[in-house]
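Breakdown of the fold
This is what each chain is made of:
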Amino acid sequence: MLGTLALAAWLHAQAPDAYRRGVQEDEALEWATFWAFALASAAYAVAARRAWRPERAWPWFFAGLAAFCAFVAGEEISWGQRLLGYRPPVYFLANNFQQELNLHNIVEGDLRKLAFLVVVLGYGAVLPLLVRVPAVARISDRVGIVPPPLAFVPAFAATGILYHLYPWSHTGEWAEAMLGLGLLCVGLREAGHGSGRRLAMAGAVVLALGFGTTQLWWAMTSDDPHRRELAEAERAALRQDLSTA
């Protein structure tokens, strides 16, 4: 997570053109974020399976985190809209400023920011500290809430602070990637694969998948007239929205 922050700061200061290119739609950062959340979903699903015992309640907390990560992964790529080349319902064309099939660009900006901070700070930074209180720990264990390890608190806190301060354009894209990587690392740890070496490998795999998917995406779409037609239609719709705003 903190390595992602360092990379963002370096690119913004030393390679601004690469920074601007990397934060655009369908570029490496977006795809890396997708893969981080998708793999985190799988890791939490494995953690839920490992935690399940016939004599105990269903591990709803891990299952909920798996569903949350899967949802965010789908939102990140607008549920495959550009990948599959389909036209979203009229509601999203009319209310989503990016003309995309996703919910996060419909929600008001302040509410979206608050929701992000609640997740990243509430789950990643506050919860691990709260359960240090014995009474809270007993309640947490009784209802099945499992906090992240205390060692992850600084990284989650840094992610929340970065998002709140928003020092660069598209800072939110980097914060989302950091959150995805943080959830992936915690999920892998809960799934029984939490050694430092494996977590570092997971980060490298996410980065490689991000770059690799980007290259594959552009190779697949660069000469597709149907997708070019859809892109032109979206551009015209955006132009119309801006001219009537």
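Please read these numbers as outputs of a predicted model, since none were measured by experiment.

Time to look at the overall build of the chain. Along the chain, the regular secondary structure elements total 12 helices and 0 strands. Along the chain, helices and strands appear, N-terminal first, in the series α-α-α-α-α-α-α-α-α-α-α-α. With 245 residues in all, the chain has 41% of them scored as buried. Long-range contacts, defined here as pairs at least 24 residues apart, represent 66% of the contacts in the chain between residues at least 6 apart. Accessible surface computed for the chain: about 13500 Å², of which carbon and sulfur atoms make up 66%.

The next subject is helix α10 (residues 171-190). In this model, α10 (20 residues) spans 29 Å end to end at C-alpha, consistent with the 28 Å of a helix rising 1.5 Å per residue. A large share of α10 lies buried, amounting to 17 of its 20 residues. A positive phi of about 90 degrees marks Gly192, the residue just after α10.

Right, let's talk about the nonpolar core for a bit. Phe37, Tyr44, Phe116, Tyr123, Phe156, Leu179 and Leu183 are the most contacted members of the largest nonpolar core, which has 42 residues in total. Contributing elements (two or more residues each) for this core: α3 (28-51), α4 (60-76), α7 (109-130), α9 (153-165), α10 and α11 (196-221). The greatest single-element share of this core, amounting to 10 residues, is contributed by α3. Excluding residues within four positions of it along the chain, Tyr44 makes contact with Phe62, Leu65, Ala66, Cys69, Tyr123, Leu183, Val186 and Gly187. If you look at the next biggest cluster of nonpolar residues, it comprises 11 residues, including Ala8, Tyr19, Trp174 and Ala177.

Both trends apply: most residues other than glycine have a negative phi, and most peptide bonds are in trans. A positive phi angle, close to 50 degrees, is found at Tyr166, a residue other than glycine. Tracing the chain through its elements places Tyr166 in the loop between α9 and α10. The phi dihedral of His170 is positive, around 60 degrees, even though this residue is not glycine. On the secondary structure map, His170 appears in the loop between α9 and α10. In this structure His170 comes out as partly exposed when scored by relative accessible area, which is 34%.

This brings us to α4. The end-to-end C-alpha distance of α4, which contains 17 residues, comes to 24 Å, matching closely the 24 Å that a straight helix rising 1.5 Å per residue would cover. Those residues of α4 that are buried lie in contact with α3, α7 and α10. Looking one or two places after α4, you find Ser78, whose phi comes out positive at around 50 degrees.

Where α3 meets α10, the axes come as close as 8 Å, and the angle between the chain directions of the two elements is 25 degrees. It follows that α3 is roughly parallel to α10 by the angle criterion. Where α3 crosses over α10, the handedness of that crossing is left-handed.

On to the side chain of Thr33, then. With respect to the helices and strands, the residue Thr33 is situated in helix α3. Apart from the residues lying within four places of it in its own chain, the contact partners of Thr33 are Glu76, Glu173, Glu176 and Ala177.

Scanning the model with the defined rule gives 10 aromatic pairs in all. Ring centres of Phe34 and Trp35 lie 5.1 Å apart, and the angle between their planes is 70 degrees; this geometry places the pair in the edge-to-face category. The exposure class of Phe34 is buried, given its relative accessible area of 15%. Grouped by ring-pair contacts, the aromatic residues Trp60, Phe61, Tyr123 and Phe156 constitute a single cluster.

On the surface, a nonpolar cluster with roughly 520 Å² of combined accessible area is contributed by Trp52, Trp58, Trp60, Ile139 and Val143. With respect to the helices and strands, the residue Trp58 is situated in the loop between α3 and α4.

The next subject is the side chain of Glu27. Position of Glu27 relative to the elements: it lies in the loop between α2 (16-22) and α3. As a buried residue without a salt bridge, Glu27 has its nearest oppositely charged side chain in Arg21, at a separation of 5.4 Å. With sequence-adjacent residues up to four places away left out, Glu27 is seen in contact with Arg21, Gly22, Thr214 and Trp218.

The rules behind each value
- Residues numbered from 1 in each chain as written.
- Predicted model: local features only at pLDDT ≥ 70, side-chain atom pairs only at ≥ 80, totals over all residues.
- Heavy atoms only, no water.
- Helix = DSSP H or I, 4+ residues; strand = E, 2+ residues; numbered from the N terminus.
- Buried < 20%, exposed > 50% of the residue type's maximum accessible area, 1.4 Å probe, protein only.
- Contact = heavy atoms within 4.5 Å.
- Areas by Shrake-Rupley, 256 points an atom, 1.4 Å probe, with all protein chains shown as cover.
- Expected span 1.5 Å × (residues − 1).
- Core = buried A, V, L, I, M, F, W, Y, C linked by side-chain atoms within 4.5 Å.
- Axes fitted to C-alpha atoms, helices over the stretch in contact; angles between N-to-C directions.
- Parallel < 35°, antiparallel > 145°, perpendicular 65-115°, else oblique.
- Left-handed = near helix turned anticlockwise from the far one by under 90°.
- Phe/Tyr/Trp six-rings, centres within 6.5 Å; stacked < 30°, edge-to-face > 60°.
- Patch = residues over 30% accessible without salt bridge, like charges linked within 9 Å, V, L, I, M, F, W, Y side chains within 5 Å.
- Salt bridge = Lys/Arg side-chain N within 4 Å of Asp/Glu carboxyl O.
- Lys, Arg positive; Asp, Glu negative; His and termini not counted.

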